[in-house]
Amino acid sequence: MGAINLRPQGVEWDGTNSVWCAKQVYQKLYLQSGKFSATMKTSLSLGADPTGCSEDGTDTLWNSDVVDKLYLQSGKFSATIKTSLSIIGTAGNVQDCSFDGTDTLWSDSSTDKLYLQSGKFSATLKTSLDVSSIDTEPNGLSWDGTNTPVSGIVSDKLYLFSGKFSITLKTSLDVSAVDGSAIGISTDDVTGRLVGAGAAFTPTAVIF
């Protein structure tokens, strides 16, 4: 990725391509072919530092830790911003976001919390979970239809939290031997993420 951007952050899988973002150096959203080919399908330059992104099957959700906002961008990607929500009063360093088919999940490294925001996006905060006793800087997060995968940059670990969100930590994995800063995380179960764990699952072969 270094040839494209120096610091890839949030990432999500849409069933065909990988949507990801980077805050340094170019502040862009990227659409990468597959999981992952060298083919860059498109990119969109932004005026704010994107730290996380997701997609809902139609549009792209992303967030910025500079202006502390959640954004809903038309398509993948047009220049049209459909809506945005300032969360300055709630948090100060938004790291990543994901969409579960109904609501928006996001993480903040300054409050050490995971948040569940109603819709795309209302001002209603449905719930939050303080994870400071587990990792003091939660970064990436996603949703797989049952649990919430989270990455922590301080402990260099990947976490799996039960539901949206319980204090139950189902499992964790130390990835410090692989990479020293776990920033983004995603599930590749698009049906589970957007429809739910009860949806029909069709096994597919993934070849890298």
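Provided above is the structure to which this section pertains.
So, a few notes on the structure that sits alongside this text. The written sequence of each chain sets the order in which its residues are numbered from 1. pLDDT decides what is reported in this predicted model: residues at 70 or higher carry local features, side-chain atom pairs at 80 or more are listed and counted, and totals for whole chains, interfaces and linings draw on all residues regardless. Here the side-chain values reflect all heavy atoms present in the structure, with hydrogen atoms and water set aside.

**A closer look at the sheet that holds strand β5 (residues 50–55)**
Which entries qualify depends on this criterion: Whether two strands pair comes down to DSSP finding at least two bridges between them. Secondary structure follows DSSP: runs of H or I at least 4 residues long count as helices, runs of E at least 2 residues long count as strands, and numbering of each begins at the N terminus. Helix axes are fitted only over the stretch in contact, all axes being lines through C-alpha atoms; the angle between N-to-C directions runs from 0 to 180 degrees.
The four strands lie next to each other as β5-β6-β7-β8, forming an open sheet whose pairing is antiparallel. Taken across any chain shown, the strands that pair with only one partner, and hence form the sheet edges, are β5 and β8 (81–86). Between one strand and the next, the sheet's axes are offset by a mean angle of 20°, whatever the strand orientation.

**What about the pairing of strand β3 (residues 28–33)?**
The pairing of β3 with strand β4 (residues 40–45) spans five bridges and is antiparallel. Note that in β4 the partner of Tyr30 across the bridge is Ser43. Taken together, β3 and the strand that follows it, β4, pair antiparallel across an intervening segment of six residues, in which Gly34 is found at a positive phi of about 65°.

**Some words on the nonpolar core**
Operational definition: The definition of a nonpolar core used throughout is a set of buried Ala, Val, Leu, Ile, Met, Phe, Trp, Tyr and Cys residues joined through side-chain atoms within 4.5 Å. Partly exposed describes any residue whose relative accessible area lies between the buried limit of under 20% and the exposed limit of over 50%, with all areas from a 1.4 Å probe on protein chains only and scaled to the type maximum. By definition in these notes, contact holds between two residues if any of their heavy atoms fall within 4.5 Å.
Listed in full, the twelve residues of the largest apolar core are Leu61, Leu70, Leu72, Leu85, Ile87, Ala91, Val94, Cys97, Phe99, Trp106, Tyr115 and Phe121. At the level of secondary structure, the elements contributing two or more residues to this core comprise β7 (69–73) and β9 (94–99). With three residues, the single largest contributor to this core is β9. Apart from residues no more than four positions distant in its own chain, Trp106 is found in contact with Leu70, Ile87, Thr90, Ala91, Val94, Asp96, Cys97, Lys113, Leu114, Tyr115, Gln117 and Leu141. Formed by eleven residues, the second largest nonpolar core is a distinct cluster that contains Leu105, Trp143, Tyr159 and Phe161.

**Brief notes about the side chain of Asn139**
Tracing the backbone through its elements, the reader meets Asn139 in strand β13 (residues 138–141). Apart from residues lying up to four places away in sequence, Asn139 is in contact with Gln95, Asp96, Ser107, Ser151, Ile153, Ala182 and Ile183.

**A short note on unusual backbone geometry**
A cis amide bond links Lys35 with the next residue in sequence, Phe36, at an omega value of -15°. Relative to the helices and strands, Phe36 resides in the loop between β3 and β4. Looking along the chain, the bond that leaves Lys76 and enters Phe77 is cis, with omega of -5°. Mapped onto the fold, Phe77 is located in the loop between β7 and β8. Here Asp112, not a glycine, exhibits a phi torsion of approximately 55°, which is positive. As for its position among the elements, Asp112 is in the loop between β10 (104–108) and β11 (113–117). One non-glycine residue with positive phi stands out, namely Asp156, at about 55°.

**Thoughts on the sheet that holds β10**
Read from one edge to the other, the open sheet built from four strands follows the order β9-β10-β11-β12, with strand pairing classed as antiparallel. The strands lining the two open edges of the sheet, one partner per strand, are β9 and β12 (125–130). With direction set aside, neighbouring strand axes in the sheet form an average angle of 20°. With five bridges joining them, β11 and β12 adopt antiparallel strand pairing. Looking at the pairing, Leu114 lines up with Leu129 of β12.

**Notes on the packing of aromatic side chains**
Just so we agree on the cut-off: Classification of ring pairs rests on two measures: the distance between centres of Phe, Tyr or Trp rings, Trp counted by its six-membered ring, which must be within 6.5 Å, and the angle between planes, read as stacked under 30 degrees, edge-to-face over 60 and tilted in between. Note on geometry: a ring has a charge over it if NZ (lysine) or CZ (arginine) is within 6 Å of the ring centre and within 35 degrees of the ring normal.
Applying the stated rule across the entire model yields four aromatic pairs. Between Trp62 and Tyr71 the ring centres are 4.1 Å apart and the planes differ by 15°, which places this aromatic pair in the stacked class. Each member of the pair Trp62 and Tyr71 is classed as buried. Ring centres 6.3 Å apart and planes at 40° place the aromatic pair Tyr159 and Phe161 in the tilted group. The pair formed by Tyr159 and Phe161 is uniform in burial state, with each residue classed as buried. Taking the ring centre of Phe99 as reference, the NZ or CZ of Lys120 above it sits at 5.0 Å.

**Some thoughts on the pattern of salt bridges**
The following threshold applies: What makes a salt bridge here is a side-chain nitrogen of Lys or Arg within 4 Å of a carboxyl oxygen of Asp or Glu, nothing more.
Under the defined criterion, the tally for this structure stands at eight salt bridges. Here Lys164 makes a salt bridge to Asp100, at a shortest N to O gap of 2.4 Å. Here Lys164 is found in the loop between β15 (157–162) and β16 (169–174), whereas its partner Asp100 is found in the loop between β9 and β10, with 64 residues between them in sequence. Relative accessible area serves as the criterion here: at 30%, Lys164 is assigned to the partly exposed category. For Asp103, the salt bridge is made with Lys126, and the minimal N-O distance between the two is 2.9 Å. Residue Asp103 is located in the loop between β9 and β10, and its partner Lys126 is located in strand β12; the two are separated by 23 residues in the primary sequence. Among the charged side chains, a salt-bridge network with shared partners connects Glu12, Glu55 and Arg193.

By themselves, these figures tell us nothing about what the structure is for.
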